[in-house]
Amino acid sequence: MKITVFGTGYVGLVTGTCLADVGHDVVCVDIDRNKIERLVQGDIPIYEPGLESMVLRNVEARRLRFTTDAGMAVEHGVLQFIAVGTPPDEDGSADLQYVLAVASTIGQYMNGYKVVIDKSTVPVGTADKVRDRIESVLAERVADVPFDVCSNPEFLKEGSALEDFTRGARIVVGTDSDRVSDLMRECYAPYNRNREKLMFMSVRAAELTKYAANAMLATKISFMNEIANLAERLGADIEDVRRGIGSDPRIGYHFIYPGCGYGGSCFPKDVQALARTASKVGYEAELLKAVEAVNKRQKSTLFEKLSHALNGELEGKTIAVWGLSFKPETDDMRDAPSRTLMEALWAHGVTVQAYDPEAMKECRRIYGERDDLILVADRIQAVKKADALVICTEWKEFRTLDAEWIRGQLSTPVVIDGRNLFDPQTMALAGVDYYAVGRGKTLSTSAPV
Ligand SMILES: NC(=O)c1ccc[n+]([C@@H]2O[C@H](COP(=O)([O-])OP(=O)(O)OC[C@H]3O[C@@H](n4cnc5c(N)ncnc54)[C@H](O)[C@@H]3O)[C@@H](O)[C@H]2O)c1
(Lines give C-alpha, C1' and ligand atoms only; values in the text may rest on other atoms or scores of the structure.)
Protein backbone atom coordinates (compact mmCIF):
# COMPACT_ATOMS: atom_id res chain seq x y z
CA MET A 1 0.00 0.00 0.00
CA LYS A 2 1.09 3.57 -0.54
CA ILE A 3 1.32 5.24 2.85
CA THR A 4 2.23 8.75 3.99
CA VAL A 5 3.24 9.59 7.55
CA PHE A 6 3.28 13.19 8.78
CA GLY A 7 5.83 13.69 11.56
CA THR A 8 9.12 11.83 12.00
CA GLY A 9 9.30 11.89 15.81
CA TYR A 10 9.15 8.87 18.11
CA VAL A 11 5.76 7.76 16.77
CA GLY A 12 5.91 8.86 13.12
CA LEU A 13 9.37 7.47 12.43
CA VAL A 14 8.57 4.14 14.09
CA THR A 15 5.20 3.88 12.32
CA GLY A 16 6.64 4.69 8.90
CA THR A 17 9.62 2.40 9.31
CA CYS A 18 7.65 -0.58 10.62
CA LEU A 19 5.05 -0.25 7.87
CA ALA A 20 7.83 -0.12 5.27
CA ASP A 21 9.44 -3.17 6.85
CA VAL A 22 6.38 -5.30 6.08
CA GLY A 23 6.44 -4.21 2.45
CA HIS A 24 4.38 -1.04 2.26
CA ASP A 25 5.63 1.91 0.20
CA VAL A 26 6.08 4.70 2.75
CA VAL A 27 6.83 8.41 2.54
CA CYS A 28 7.60 10.20 5.81
CA VAL A 29 7.22 13.97 5.76
CA ASP A 30 8.30 16.53 8.34
CA ILE A 31 8.52 20.32 8.46
CA ASP A 32 11.83 20.08 10.33
CA ARG A 33 14.39 20.33 7.48
CA ASN A 34 17.29 19.45 9.69
CA LYS A 35 15.61 16.22 10.82
CA ILE A 36 14.79 15.22 7.24
CA GLU A 37 18.30 16.02 6.03
CA ARG A 38 19.73 13.82 8.76
CA LEU A 39 17.32 11.00 7.96
CA VAL A 40 18.13 11.20 4.25
CA GLN A 41 21.80 10.81 5.19
CA GLY A 42 21.03 7.78 7.34
CA ASP A 43 21.54 9.64 10.62
CA ILE A 44 18.68 8.78 13.00
CA PRO A 45 17.74 11.80 15.15
CA ILE A 46 16.36 9.81 18.10
CA TYR A 47 17.56 6.84 20.09
CA GLU A 48 15.25 3.84 19.91
CA PRO A 49 16.67 0.30 20.11
CA GLY A 50 16.73 -1.42 16.71
CA LEU A 51 15.40 1.58 14.82
CA GLU A 52 18.56 2.63 13.02
CA SER A 53 19.16 -0.66 11.24
CA MET A 54 15.48 -0.97 10.33
CA VAL A 55 15.42 2.52 8.80
CA LEU A 56 18.60 1.91 6.83
CA ARG A 57 17.37 -1.46 5.58
CA ASN A 58 14.10 -0.04 4.29
CA VAL A 59 15.65 3.07 2.75
CA GLU A 60 18.06 0.78 0.93
CA ALA A 61 15.11 -1.32 -0.30
CA ARG A 62 13.42 1.93 -1.50
CA ARG A 63 10.32 1.27 0.56
CA LEU A 64 10.98 4.22 2.89
CA ARG A 65 11.59 7.81 1.85
CA PHE A 66 11.93 11.07 3.77
CA THR A 67 10.90 14.46 2.49
CA THR A 68 9.83 17.98 3.37
CA ASP A 69 7.79 18.14 0.17
CA ALA A 70 4.24 17.99 1.54
CA GLY A 71 2.65 18.14 -1.93
CA MET A 72 4.48 15.01 -3.04
CA ALA A 73 3.71 13.33 0.29
CA VAL A 74 -0.04 13.99 0.07
CA GLU A 75 -0.07 12.83 -3.52
CA HIS A 76 1.68 9.58 -2.53
CA GLY A 77 -0.43 7.77 0.03
CA VAL A 78 -4.02 6.59 0.07
CA LEU A 79 -3.47 6.40 3.83
CA GLN A 80 -2.30 9.65 5.43
CA PHE A 81 -1.14 9.12 9.00
CA ILE A 82 -0.94 12.20 11.23
CA ALA A 83 1.74 11.55 13.87
CA VAL A 84 2.78 15.07 14.86
CA GLY A 85 3.10 16.39 18.41
CA THR A 86 0.16 17.39 20.62
CA PRO A 87 1.93 19.25 23.44
CA PRO A 88 0.02 20.78 26.33
CA ASP A 89 -1.53 24.18 25.81
CA GLU A 90 -1.27 26.86 28.50
CA ASP A 91 -4.33 25.44 30.32
CA GLY A 92 -3.20 21.80 30.02
CA SER A 93 -5.46 20.84 27.13
CA ALA A 94 -3.86 19.32 24.04
CA ASP A 95 -2.58 21.89 21.56
CA LEU A 96 -3.99 20.83 18.19
CA GLN A 97 -2.23 23.39 16.02
CA TYR A 98 0.19 20.86 14.48
CA VAL A 99 -2.52 18.27 13.80
CA LEU A 100 -4.77 20.88 12.19
CA ALA A 101 -1.87 22.31 10.17
CA VAL A 102 -1.40 18.84 8.67
CA ALA A 103 -5.15 18.66 7.95
CA SER A 104 -4.85 21.95 6.05
CA THR A 105 -1.89 20.64 4.09
CA ILE A 106 -3.78 17.47 3.14
CA GLY A 107 -6.80 19.55 2.09
CA GLN A 108 -4.55 21.79 0.05
CA TYR A 109 -2.88 19.07 -2.01
CA MET A 110 -5.25 16.09 -2.18
CA ASN A 111 -6.53 15.13 -5.60
CA GLY A 112 -7.96 11.69 -4.95
CA TYR A 113 -9.58 9.67 -2.18
CA LYS A 114 -7.60 9.68 1.11
CA VAL A 115 -8.03 8.15 4.53
CA VAL A 116 -6.73 10.66 7.06
CA ILE A 117 -5.66 8.81 10.19
CA ASP A 118 -5.21 10.51 13.55
CA LYS A 119 -2.37 8.57 15.17
CA SER A 120 -1.33 11.45 17.42
CA THR A 121 -2.96 11.37 20.85
CA VAL A 122 -5.85 13.78 20.42
CA PRO A 123 -8.88 14.72 22.53
CA VAL A 124 -12.29 13.29 21.81
CA GLY A 125 -13.85 15.25 18.97
CA THR A 126 -10.59 15.95 17.13
CA ALA A 127 -11.47 13.78 14.14
CA ASP A 128 -14.46 16.10 13.57
CA LYS A 129 -12.14 19.12 13.69
CA VAL A 130 -9.75 17.49 11.23
CA ARG A 131 -12.67 16.75 8.90
CA ASP A 132 -13.96 20.34 9.18
CA ARG A 133 -10.52 21.75 8.47
CA ILE A 134 -10.01 19.62 5.36
CA GLU A 135 -13.52 20.43 4.13
CA SER A 136 -12.97 24.16 4.51
CA VAL A 137 -9.66 24.03 2.62
CA LEU A 138 -11.30 21.98 -0.13
CA ALA A 139 -14.14 24.52 -0.27
CA GLU A 140 -11.59 27.33 -0.73
CA ARG A 141 -10.10 25.35 -3.60
CA VAL A 142 -13.62 24.72 -4.93
CA ALA A 143 -12.58 21.07 -5.09
CA ASP A 144 -14.78 18.10 -4.39
CA VAL A 145 -12.44 15.30 -3.34
CA PRO A 146 -13.69 12.40 -1.20
CA PHE A 147 -11.94 11.51 2.05
CA ASP A 148 -12.54 9.87 5.43
CA VAL A 149 -11.04 10.62 8.82
CA CYS A 150 -10.39 7.83 11.28
CA SER A 151 -8.74 7.43 14.66
CA ASN A 152 -5.89 4.96 15.17
CA PRO A 153 -4.22 5.84 18.46
CA GLU A 154 -0.71 4.56 19.11
CA PHE A 155 0.17 2.56 22.22
CA LEU A 156 3.91 2.04 21.70
CA LYS A 157 6.36 2.69 24.53
CA GLU A 158 9.63 4.47 23.92
CA GLY A 159 12.46 2.00 24.53
CA SER A 160 10.50 -0.93 23.06
CA ALA A 161 8.70 0.92 20.29
CA LEU A 162 9.47 -1.49 17.45
CA GLU A 163 8.39 -4.52 19.45
CA ASP A 164 5.24 -2.71 20.61
CA PHE A 165 4.31 -1.57 17.12
CA THR A 166 4.85 -4.95 15.49
CA ARG A 167 3.61 -7.15 18.33
CA GLY A 168 1.30 -4.84 20.23
CA ALA A 169 -1.63 -6.07 22.32
CA ARG A 170 -4.21 -4.40 20.07
CA ILE A 171 -4.72 -2.14 17.09
CA VAL A 172 -7.56 0.26 17.80
CA VAL A 173 -9.38 1.79 14.84
CA GLY A 174 -12.18 4.28 15.24
CA THR A 175 -14.37 4.54 12.17
CA ASP A 176 -17.93 4.03 10.99
CA SER A 177 -16.96 3.40 7.36
CA ASP A 178 -16.59 -0.06 5.81
CA ARG A 179 -14.22 1.31 3.20
CA VAL A 180 -11.90 2.63 5.91
CA SER A 181 -12.16 -0.62 7.88
CA ASP A 182 -11.10 -2.60 4.81
CA LEU A 183 -8.13 -0.32 4.09
CA MET A 184 -6.96 -0.35 7.71
CA ARG A 185 -7.30 -4.13 7.79
CA GLU A 186 -5.13 -4.34 4.69
CA CYS A 187 -2.55 -1.97 6.15
CA TYR A 188 -2.21 -3.90 9.41
CA ALA A 189 -2.69 -7.43 8.00
CA PRO A 190 1.00 -8.36 8.50
CA TYR A 191 0.62 -7.71 12.25
CA ASN A 192 -2.68 -9.47 12.54
CA ARG A 193 -1.74 -13.04 11.77
CA ASN A 194 -1.22 -14.49 15.23
CA ARG A 195 -4.69 -13.51 16.45
CA GLU A 196 -7.27 -10.82 15.76
CA LYS A 197 -5.77 -7.64 17.11
CA LEU A 198 -7.83 -5.10 15.23
CA MET A 199 -10.54 -3.55 17.35
CA PHE A 200 -13.04 -1.47 15.46
CA MET A 201 -15.11 1.05 17.37
CA SER A 202 -16.55 4.53 17.03
CA VAL A 203 -14.12 7.38 16.47
CA ARG A 204 -14.91 8.89 19.86
CA ALA A 205 -14.41 5.60 21.69
CA ALA A 206 -11.02 5.16 19.99
CA GLU A 207 -9.95 8.68 20.93
CA LEU A 208 -11.00 8.12 24.54
CA THR A 209 -9.40 4.66 24.70
CA LYS A 210 -5.94 6.15 24.29
CA TYR A 211 -6.43 8.66 27.12
CA ALA A 212 -8.06 6.05 29.33
CA ALA A 213 -5.08 3.69 28.87
CA ASN A 214 -2.52 6.33 29.79
CA ALA A 215 -4.61 7.66 32.65
CA MET A 216 -4.97 4.14 34.07
CA LEU A 217 -1.21 3.50 33.88
CA ALA A 218 -0.41 6.87 35.44
CA THR A 219 -2.94 6.13 38.18
CA LYS A 220 -1.18 2.86 39.01
CA ILE A 221 2.12 4.69 39.37
CA SER A 222 0.74 7.50 41.50
CA PHE A 223 -1.15 5.00 43.65
CA MET A 224 2.05 3.04 44.32
CA ASN A 225 3.96 6.21 45.06
CA GLU A 226 1.30 7.26 47.54
CA ILE A 227 1.48 3.88 49.30
CA ALA A 228 5.31 4.00 49.22
CA ASN A 229 5.34 7.39 50.93
CA LEU A 230 3.03 5.98 53.56
CA ALA A 231 5.12 2.81 53.96
CA GLU A 232 8.19 4.96 54.55
CA ARG A 233 6.49 6.83 57.34
CA LEU A 234 4.93 3.73 58.87
CA GLY A 235 8.11 1.66 58.95
CA ALA A 236 6.98 -0.88 56.31
CA ASP A 237 9.03 -1.96 53.28
CA ILE A 238 7.18 -1.10 50.06
CA GLU A 239 8.97 -3.95 48.26
CA ASP A 240 7.21 -6.43 50.58
CA VAL A 241 3.92 -4.61 50.03
CA ARG A 242 4.44 -4.62 46.25
CA ARG A 243 4.99 -8.38 46.22
CA GLY A 244 2.10 -8.83 48.59
CA ILE A 245 -0.40 -7.06 46.38
CA GLY A 246 1.07 -8.00 42.98
CA SER A 247 0.45 -11.66 43.70
CA ASP A 248 -3.29 -10.97 43.58
CA PRO A 249 -4.27 -11.64 39.95
CA ARG A 250 -6.81 -8.83 40.12
CA ILE A 251 -3.92 -6.46 40.76
CA GLY A 252 -0.91 -8.08 39.04
CA TYR A 253 2.80 -7.17 39.11
CA HIS A 254 2.82 -4.86 36.10
CA PHE A 255 3.33 -1.17 36.58
CA ILE A 256 3.30 -1.15 40.37
CA TYR A 257 6.88 -0.03 40.96
CA PRO A 258 7.20 3.00 43.18
CA GLY A 259 9.75 5.60 42.11
CA CYS A 260 10.51 9.28 41.62
CA GLY A 261 7.41 10.01 39.54
CA TYR A 262 6.39 9.43 35.95
CA GLY A 263 7.70 11.63 33.14
CA GLY A 264 8.00 11.43 29.38
CA SER A 265 6.03 12.92 26.58
CA CYS A 266 2.77 11.10 27.30
CA PHE A 267 1.53 10.47 30.84
CA PRO A 268 1.96 14.00 32.23
CA LYS A 269 0.34 15.75 29.28
CA ASP A 270 -2.34 13.12 28.64
CA VAL A 271 -3.57 12.98 32.24
CA GLN A 272 -3.76 16.77 32.24
CA ALA A 273 -5.47 16.91 28.85
CA LEU A 274 -8.10 14.34 29.89
CA ALA A 275 -8.85 16.33 33.04
CA ARG A 276 -9.27 19.45 30.88
CA THR A 277 -11.54 17.60 28.46
CA ALA A 278 -13.62 16.48 31.45
CA SER A 279 -14.03 19.96 32.86
CA LYS A 280 -14.96 21.30 29.41
CA VAL A 281 -17.97 18.94 29.46
CA GLY A 282 -18.87 19.97 33.01
CA TYR A 283 -17.32 17.03 34.84
CA GLU A 284 -14.58 17.51 37.41
CA ALA A 285 -12.26 14.49 37.14
CA GLU A 286 -11.10 14.43 40.77
CA LEU A 287 -9.13 11.20 40.43
CA LEU A 288 -7.12 12.48 37.46
CA LYS A 289 -6.30 15.71 39.28
CA ALA A 290 -5.09 13.70 42.27
CA VAL A 291 -2.97 11.43 40.05
CA GLU A 292 -1.26 14.49 38.64
CA ALA A 293 -0.81 16.18 42.02
CA VAL A 294 0.72 13.05 43.58
CA ASN A 295 3.13 12.79 40.65
CA LYS A 296 4.17 16.41 40.88
CA ARG A 297 4.95 15.97 44.56
CA GLN A 298 6.79 12.71 43.91
CA LYS A 299 9.13 14.33 41.44
CA SER A 300 10.40 16.66 44.16
CA THR A 301 11.16 13.86 46.64
CA LEU A 302 14.66 13.24 45.24
CA PHE A 303 15.65 16.80 46.06
CA GLU A 304 13.91 16.73 49.44
CA LYS A 305 15.68 13.53 50.46
CA LEU A 306 19.02 14.85 49.36
CA SER A 307 18.52 18.13 51.16
CA HIS A 308 17.47 16.24 54.31
CA ALA A 309 20.50 13.94 54.11
CA LEU A 310 22.87 16.88 53.71
CA ASN A 311 21.16 18.89 56.48
CA GLY A 312 20.16 21.53 53.97
CA GLU A 313 23.82 22.35 53.27
CA LEU A 314 23.75 22.24 49.50
CA GLU A 315 25.47 25.37 48.26
CA GLY A 316 28.82 24.68 46.61
CA LYS A 317 28.33 20.90 46.61
CA THR A 318 28.81 18.60 43.61
CA ILE A 319 26.08 16.00 43.15
CA ALA A 320 26.47 12.97 40.88
CA VAL A 321 23.35 12.11 38.85
CA TRP A 322 22.97 8.70 37.20
CA GLY A 323 20.32 8.75 34.48
CA LEU A 324 18.75 11.75 32.75
CA SER A 325 16.15 10.21 30.44
CA PHE A 326 12.66 9.74 31.85
CA LYS A 327 13.10 5.98 31.62
CA PRO A 328 15.75 3.52 30.33
CA GLU A 329 16.35 2.80 26.64
CA THR A 330 15.40 6.26 25.41
CA ASP A 331 17.06 9.65 25.05
CA ASP A 332 13.77 11.43 25.76
CA MET A 333 13.96 13.90 28.66
CA ARG A 334 10.50 15.45 28.30
CA ASP A 335 9.12 15.97 31.84
CA ALA A 336 11.84 13.67 33.25
CA PRO A 337 12.24 13.58 37.07
CA SER A 338 15.96 14.33 36.52
CA ARG A 339 14.97 17.79 35.28
CA THR A 340 12.98 18.63 38.40
CA LEU A 341 15.97 17.50 40.46
CA MET A 342 18.66 19.34 38.49
CA GLU A 343 16.68 22.57 38.35
CA ALA A 344 16.18 22.49 42.14
CA LEU A 345 19.88 21.73 42.64
CA TRP A 346 20.97 24.61 40.44
CA ALA A 347 18.62 26.96 42.28
CA HIS A 348 20.53 26.01 45.46
CA GLY A 349 24.00 26.61 44.05
CA VAL A 350 24.85 22.96 43.41
CA THR A 351 26.98 21.62 40.54
CA VAL A 352 25.51 18.59 38.76
CA GLN A 353 27.93 15.94 37.49
CA ALA A 354 25.81 13.65 35.36
CA TYR A 355 25.99 10.58 33.18
CA ASP A 356 23.36 8.94 30.97
CA PRO A 357 24.03 6.28 28.31
CA GLU A 358 21.88 8.03 25.66
CA ALA A 359 20.40 11.33 26.83
CA MET A 360 23.44 13.57 27.31
CA LYS A 361 23.15 15.19 23.88
CA GLU A 362 19.51 15.92 24.62
CA CYS A 363 20.45 17.31 28.04
CA ARG A 364 22.94 19.69 26.43
CA ARG A 365 20.35 20.70 23.85
CA ILE A 366 17.87 21.57 26.60
CA TYR A 367 20.19 23.28 29.10
CA GLY A 368 23.13 24.39 26.93
CA GLU A 369 26.67 24.95 28.22
CA ARG A 370 26.69 26.00 31.87
CA ASP A 371 29.34 25.80 34.58
CA ASP A 372 27.07 23.92 36.97
CA LEU A 373 26.34 21.08 34.49
CA ILE A 374 29.20 18.67 33.90
CA LEU A 375 28.40 15.73 31.63
CA VAL A 376 30.86 12.85 31.93
CA ALA A 377 31.65 9.71 29.96
CA ASP A 378 30.56 7.04 32.44
CA ARG A 379 28.98 6.37 35.82
CA ILE A 380 32.35 6.08 37.57
CA GLN A 381 33.47 9.54 36.48
CA ALA A 382 30.13 10.93 37.61
CA VAL A 383 30.84 10.07 41.26
CA LYS A 384 34.50 11.25 41.21
CA LYS A 385 34.89 13.99 43.82
CA ALA A 386 31.11 14.19 44.20
CA ASP A 387 29.46 14.72 47.59
CA ALA A 388 26.45 12.49 46.98
CA LEU A 389 24.83 10.35 44.30
CA VAL A 390 21.24 10.51 43.03
CA ILE A 391 19.88 7.77 40.74
CA CYS A 392 17.07 9.01 38.49
CA THR A 393 16.78 6.30 35.80
CA GLU A 394 17.09 2.52 36.11
CA TRP A 395 19.37 1.91 33.11
CA LYS A 396 20.77 -1.63 33.24
CA GLU A 397 24.31 -0.45 33.87
CA PHE A 398 23.23 1.25 37.12
CA ARG A 399 21.72 -1.89 38.59
CA THR A 400 24.77 -3.04 40.48
CA LEU A 401 26.55 -0.96 43.03
CA ASP A 402 29.46 -1.98 45.25
CA ALA A 403 28.45 -0.40 48.55
CA GLU A 404 32.02 -0.23 49.92
CA TRP A 405 33.27 1.34 46.73
CA ILE A 406 30.61 4.04 46.57
CA ARG A 407 31.19 4.91 50.23
CA GLY A 408 34.85 5.50 49.36
CA GLN A 409 33.99 7.72 46.39
CA LEU A 410 31.50 10.13 47.93
CA SER A 411 32.50 12.66 50.53
CA THR A 412 29.33 12.36 52.66
CA PRO A 413 28.43 9.39 51.55
CA VAL A 414 24.79 9.82 50.61
CA VAL A 415 22.98 7.79 47.92
CA ILE A 416 19.44 8.75 46.93
CA ASP A 417 17.88 6.00 44.83
CA GLY A 418 14.76 7.06 42.95
CA ARG A 419 14.27 3.54 41.52
CA ASN A 420 14.73 1.19 44.49
CA LEU A 421 17.63 -0.66 42.89
CA PHE A 422 19.53 -1.70 46.01
CA ASP A 423 19.07 -3.38 49.34
CA PRO A 424 18.85 -0.77 52.13
CA GLN A 425 20.42 -3.12 54.67
CA THR A 426 23.49 -3.87 52.55
CA MET A 427 23.96 -0.16 52.01
CA ALA A 428 23.53 0.65 55.70
CA LEU A 429 25.99 -2.10 56.73
CA ALA A 430 28.60 -0.60 54.39
CA GLY A 431 28.07 2.79 55.99
CA VAL A 432 26.18 4.37 53.08
CA ASP A 433 23.47 6.86 53.98
CA TYR A 434 20.95 5.30 51.59
CA TYR A 435 17.48 6.66 50.81
CA ALA A 436 15.12 4.75 48.51
CA VAL A 437 11.38 5.14 47.88
CA GLY A 438 9.08 3.62 50.48
CA ARG A 439 11.76 1.60 52.22
CA GLY A 440 14.65 2.16 54.56
CA LYS A 441 15.32 5.65 55.80
CA THR A 442 12.52 8.15 56.05
CA LEU A 443 12.23 11.92 56.02
CA SER A 444 9.59 11.78 58.71
CA THR A 445 10.71 13.04 62.09
CA SER A 446 7.95 11.22 63.95
CA ALA A 447 8.61 7.62 64.99
CA PRO A 448 6.65 4.91 63.19
CA VAL A 449 3.28 4.37 64.85
N1 LIG B 1 6.36 9.32 22.22
C2 LIG B 1 5.56 8.31 22.57
O3 LIG B 1 5.99 7.36 23.25
C4 LIG B 1 4.13 8.28 22.13
C5 LIG B 1 3.39 7.10 22.26
C6 LIG B 1 2.07 7.09 21.83
C7 LIG B 1 1.49 8.23 21.32
N8 LIG B 1 2.23 9.38 21.21
C9 LIG B 1 1.59 10.56 20.63
O10 LIG B 1 2.03 10.66 19.28
C11 LIG B 1 2.16 12.04 18.89
C12 LIG B 1 3.58 12.32 18.42
O13 LIG B 1 4.47 12.12 19.51
P14 LIG B 1 6.05 12.05 19.30
O15 LIG B 1 6.63 11.70 20.63
O16 LIG B 1 6.35 11.23 18.10
O17 LIG B 1 6.34 13.59 18.95
P18 LIG B 1 7.71 14.26 18.46
O19 LIG B 1 7.72 15.62 19.04
O20 LIG B 1 8.85 13.32 18.72
O21 LIG B 1 7.55 14.35 16.87
C22 LIG B 1 6.62 15.16 16.23
C23 LIG B 1 7.16 15.49 14.83
O24 LIG B 1 6.13 16.12 14.07
C25 LIG B 1 6.74 17.08 13.25
N26 LIG B 1 5.75 18.02 12.72
C27 LIG B 1 5.13 19.05 13.35
N28 LIG B 1 4.29 19.68 12.51
C29 LIG B 1 4.35 19.03 11.34
C30 LIG B 1 3.73 19.20 10.08
N31 LIG B 1 2.83 20.17 9.86
N32 LIG B 1 4.03 18.34 9.07
C33 LIG B 1 4.94 17.36 9.26
N34 LIG B 1 5.57 17.15 10.44
C35 LIG B 1 5.29 17.98 11.45
C36 LIG B 1 7.79 17.69 14.15
O37 LIG B 1 8.76 18.43 13.44
C38 LIG B 1 8.34 16.45 14.85
O39 LIG B 1 9.43 15.89 14.12
C40 LIG B 1 1.73 12.84 20.13
O41 LIG B 1 0.38 13.14 20.02
C42 LIG B 1 1.98 11.87 21.26
O43 LIG B 1 1.15 12.15 22.37
C44 LIG B 1 3.53 9.43 21.60
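Residues numbered from 1 in each chain as written. Predicted model: local features only at pLDDT ≥ 70, side-chain atom pairs only at ≥ 80, totals over all residues. Heavy atoms only, no water.

Looking at an unreviewed UniProt entry, the protein carries the name UDP-glucose 6-dehydrogenase, with the source organism given as Salinicola socius. UniProt, in the comment section headed Pathway (unreviewed entry), describes the protein in these words: "Nucleotide-sugar biosynthesis; UDP-alpha-D-glucuronate biosynthesis; UDP-alpha-D-glucuronate from UDP-alpha-D-glucose: step 1/1." One UniProt comment on the protein, placed under Sequence similarities (unreviewed entry), says "Belongs to the UDP-glucose/GDP-mannose dehydrogenase family." (UniProt positions renumbered as here; feature names shortened; annotations may be inferred.)

(A) Focus on the pattern of salt bridges. On inspection of all chains with the given rule, the structure shows 28 salt bridges. Across the pair Arg-57 and Asp-21 runs a salt bridge, and its minimum N-O distance is 3.0 Å. Of this pair, Arg-57 sits in helix H3 (residues 51–60) while Asp-21 is found in helix H1 (residues 10–21), placing the two residues 36 residues apart along the sequence. On the basis of relative accessible area, Arg-57 is assigned to the partly exposed category, the value being 42%. Accessibility expressed as a relative area gives 27% for Asp-21, which makes it partly exposed. Among the salt bridges present, the one from Arg-364 reaches Glu-369, with a minimum N-O distance of 3.5 Å. Within this structure, Lys-2, Asp-25 and Arg-65 form a network of salt bridges that share partners. (Salt bridge = Lys/Arg side-chain N within 4 Å of Asp/Glu carboxyl O. Helix = DSSP H or I, 4+ residues; strand = E, 2+ residues; numbered from the N terminus. Buried < 20%, exposed > 50% of the residue type's maximum accessible area, 1.4 Å probe, protein only.)

(B) Fine view of the packing of helix H9 (residues 203–234) against helix H11 (residues 267–280). Two elements in contact, H9 and H11, have axes whose closest approach is 9 Å; the angle formed by their N-to-C orientations is 115°. The orientation of H9 relative to H11 falls into the category roughly perpendicular. Between H9 and H11 lies a crossing whose hand is left-handed. The residues of H11 that touch H9, namely those facing Leu-208, Lys-210, Tyr-211, Asn-214, Ala-215, Leu-217, Ala-218 and Ile-221, are Phe-267, Asp-270, Val-271, Ala-273 and Leu-274. Classifying every residue of the contact of H9 with H11 by side-chain character gives 10 nonpolar, one polar and two charged. (Axes fitted to C-alpha atoms, helices over the stretch in contact; angles between N-to-C directions. Parallel < 35°, antiparallel > 145°, perpendicular 65-115°, else oblique. Left-handed = near helix turned anticlockwise from the far one by under 90°. Contact = heavy atoms within 4.5 Å. Nonpolar A, V, L, I, M, F, W, Y, C, P; charged D, E, K, R; others polar.)

(C) Seen up close, unusual backbone geometry. For the peptide bond that leads from Thr-412 to Pro-413, omega is -15°, which places it in the cis range. Mapping Pro-413 onto the fold places it in the loop between helix H17 (403–409) and strand S13 (414–417). Phi is positive for Phe-255, close to 65°, though the residue is something other than glycine. With respect to the helices and strands, Phe-255 occurs in the loop between helix H10 (238–246) and H11.

(D) Layout of the UniProt feature "binding site: NAD(+)" (unreviewed entry) in the protein. Using the residue numbers shown here, the UniProt feature "binding site: NAD(+)" (unreviewed entry) corresponds to Asp-30, Lys-35, Thr-86, Thr-121, Glu-158, Lys-269 and Arg-334. What stands out for the annotated residues spanning 305 residues is how far apart their C-alpha atoms range, the widest pair being 24.0 Å apart. Along the chain, the position of Asp-30 falls in the loop between strand S2 (25–29) and helix H2 (33–40). Overall, the relative accessible area of 12% leaves Asp-30 in the buried class. A distance of 2.8 Å separates a polar side-chain atom of Asp-30 from the backbone nitrogen of Asp-32. (Polar contact = N/O pair within 3.5 Å; in protein donor to acceptor, adjacent residues only side chain to side chain.)

(E) Structural view of the pairing of strand S6 (residues 147–151). Most of S6 is tucked away, with four of its five residues classed as buried. Bridge count between strand S5 (residues 114–118) and S6: five bridges; the pairing is parallel. Residue pairing across strands places Asp-118 opposite Ser-151, the latter belonging to S6. Tracing the backbone out of S5, into helix H6 (residues 126–141) and back to the parallel element S6 gives a crossover that is right-handed. (Pairing = 2+ DSSP bridges. Right-handed = clockwise from strand over helix to strand, strands pointing away.)

(F) Looking closely at the site of the ligand. Around the ligand, the structure places 27 residues, and the nearest of them are Asp-30, Lys-35, Thr-86, Glu-158 and Lys-269. Between an oxygen atom of the ligand and a side-chain N or O atom of Lys-35, the distance comes to 2.6 Å. Within the contact set of the ligand, an oxygen atom lies 2.9 Å away from a backbone nitrogen or oxygen of Thr-121. Of all the secondary-structure elements, those providing two or more residues to the shell around the ligand are H1 and helix H5 (97–109). Here the shell around the ligand is composed, by residue class, of 11 nonpolar, eight polar and eight charged. There are two domains that each give the shell around the ligand at least three residues, and those are domain 1 (2–201) and domain 2 (219–449). (Near = heavy atom within 4 Å. Domains from an automatic or database assignment.)

(G) Molecular detail of the nonpolar core. Grouped together as the largest cluster of nonpolar side chains are 53 residues, with contacts concentrated most on Leu-306, Leu-324, Met-342 and Leu-389. Among the elements that take part in this core, helix H14 (residues 337–347) stands out by supplying five residues, more than any other. Apart from the residues within four sequence positions on either side, Leu-389 is in contact with Ala-320, Trp-322, Val-383, Ile-406, Leu-410, Val-414, Val-415 and Ile-416. Counting residues in each nonpolar core, the second largest holds 39 residues, with Leu-51, Ile-117, Ile-171 and Leu-198 among its members. (Core = buried A, V, L, I, M, F, W, Y, C linked by side-chain atoms within 4.5 Å.)

(H) Looking closely at the side chain of Asn-152. The topology assignment puts Asn-152 in the loop between S6 and helix H7 (161–167). On the accessibility criterion, Asn-152 (1% relative accessible area) is buried. Engagement of the side chain of Asn-152 in a polar contact is seen with the side chain of Tyr-188, the distance being 2.5 Å. When near neighbours in sequence (up to four residues on either side) are disregarded, Asn-152 contacts Phe-81, Ile-117, Asp-118, Lys-119, Ile-171, Val-172, Val-173, Met-184 and Tyr-188.

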